[in-house]
Amino acid sequence: YLLSCMAEAPRPISTDPPEDLPPLSGPLRRGKWTVEEERYVERVIRDFNGGLLSAPPGTTLRGYLSERLNCDPMRITKKFTGDASIGKRVFHPREGATDATLARARSELAELERAASRSTS
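Nothing here was measured: the structure is a model prediction, and the numbers come from that model.

A. Molecular detail of the overall build of the protein. Counting secondary structure elements, the protein contains 5 helices and 0 strands. Each helix (α) and strand (β) of the protein, taken in turn from the N terminus, gives the series α-α-α-α-α. A burial count over the protein gives 36% of its 121 residues as buried. Nonlocal contacts in the protein, meaning residues at least 24 apart in sequence, comprise 82% of its contacts between residues at least 6 apart.

B. Examining the packing of aromatic side chains more closely. Using the criterion set out here, one finds 2 aromatic pairs in the structure. Residues W33 and F80 carry aromatic rings whose centres are separated by 6.3 Å and whose planes lie at 85° to one another, so their mutual orientation is edge-to-face. Taken together, the residues W33 in the loop between α1 (2-8) and α2 (35-50) and F80 in the loop between α4 (73-79) and α5 (99-119) connect sequence positions 47 residues apart. Exposure remark for F80: the relative accessible area of 13% places this residue in the buried category.

C. Representation of the packing of α2 against α5 in the model. The geometry of α2 relative to α5 is characterised by a closest axis approach of 8 Å and an angle of 155° between their N-to-C directions. With respect to α5, the axis of α2 lies roughly antiparallel. Considering the relative orientation of α2 and α5, their crossing is left-handed. Facing E36, E37, R39, Y40, R43, V44 and D47 of α2, the residues of α5 in contact are A105, E108, L109, L112, E113, A115, A116 and S119. For the contact of α2 with α5, the per-class residue count stands at 7 nonpolar, 1 polar and 7 charged.

D. Main features of α2. Counted at 1.5 Å a residue, the expected span for α2 with its 16 residues is 22 Å, and the 23 Å between its end C-alpha atoms agrees. Elements in contact with the buried residues of α2: α3 (61-68), α4 and α5.

E. Representation of the pattern of salt bridges within the structure. Scanning all chains against the criterion turns up 9 salt bridges. In this structure, R75 engages E37 in a salt bridge whose closest nitrogen and oxygen atoms are separated by 3.1 Å. Placement of the pair is R75 in helix α4 and E37 in helix α2, with a sequence separation of 38 residues. Classification of R75 by relative accessible area gives buried; the value is 8%. With relative accessibility at 2%, the residue E37 sits in the buried group.

F. Just the side chain of T59, in detail. Mapped onto the elements of the fold, T59 is located in the loop between α2 and α3. Separated by 2.7 Å, the side chain of T59 and the backbone oxygen of P56 make a polar contact. The residues touching T59, leaving out its near neighbours within four places in the chain, are F48, Y64, R89, V90 and F91.

Criteria and thresholds
Residues numbered from 1 in each chain as written. Predicted model: local features only at pLDDT ≥ 70, side-chain atom pairs only at ≥ 80, totals over all residues. Heavy atoms only, no water. Helix = DSSP H or I, 4+ residues; strand = E, 2+ residues; numbered from the N terminus. Buried < 20%, exposed > 50% of the residue type's maximum accessible area, 1.4 Å probe, protein only. Contact = heavy atoms within 4.5 Å. Phe/Tyr/Trp six-rings, centres within 6.5 Å; stacked < 30°, edge-to-face > 60°. Axes fitted to C-alpha atoms, helices over the stretch in contact; angles between N-to-C directions. Parallel < 35°, antiparallel > 145°, perpendicular 65-115°, else oblique. Left-handed = near helix turned anticlockwise from the far one by under 90°. Nonpolar A, V, L, I, M, F, W, Y, C, P; charged D, E, K, R; others polar. Expected span 1.5 Å × (residues − 1). Salt bridge = Lys/Arg side-chain N within 4 Å of Asp/Glu carboxyl O. Polar contact = N/O pair within 3.5 Å; in protein donor to acceptor, adjacent residues only side chain to side chain.

So, in C-alpha cells, the structure goes:
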C-alpha cells in the first residue's frame, strides 16, 4: 500500500528538515508546553491535514511531532486527549499542490519550528 501511495505522488517530497535548523539531539523534551510549541503544533496539524508537510506518505502525526519536538511520543499523546486526540492519523501528500504553495507552507512552518526550538533552549 505504501509503495502505491508513493508512486502516485506528483513529485518527490523531501523528508529533510529545513537546512538552517539544528538536528535534534540531547535529552528528550519533557514538561510544560511553551506557547511557541503549541503554535508550531497547531500549524503542523493544519499542514498535516492539508497534505503540505515535508514527510513521507504514511508518517504518523504523533511520530512526526515527537521527532520534530524531540520528545517522547507519550508527551504528544498526553497533550492531545479526548476531542483533541490525534489518534493514529497518517500523512497523505496533497495531490496537485503547487510548488509555490508547498514552499510557502514549509517556510512558514520552519519559522514556527525555529521559535519553538528557541523557546525550549
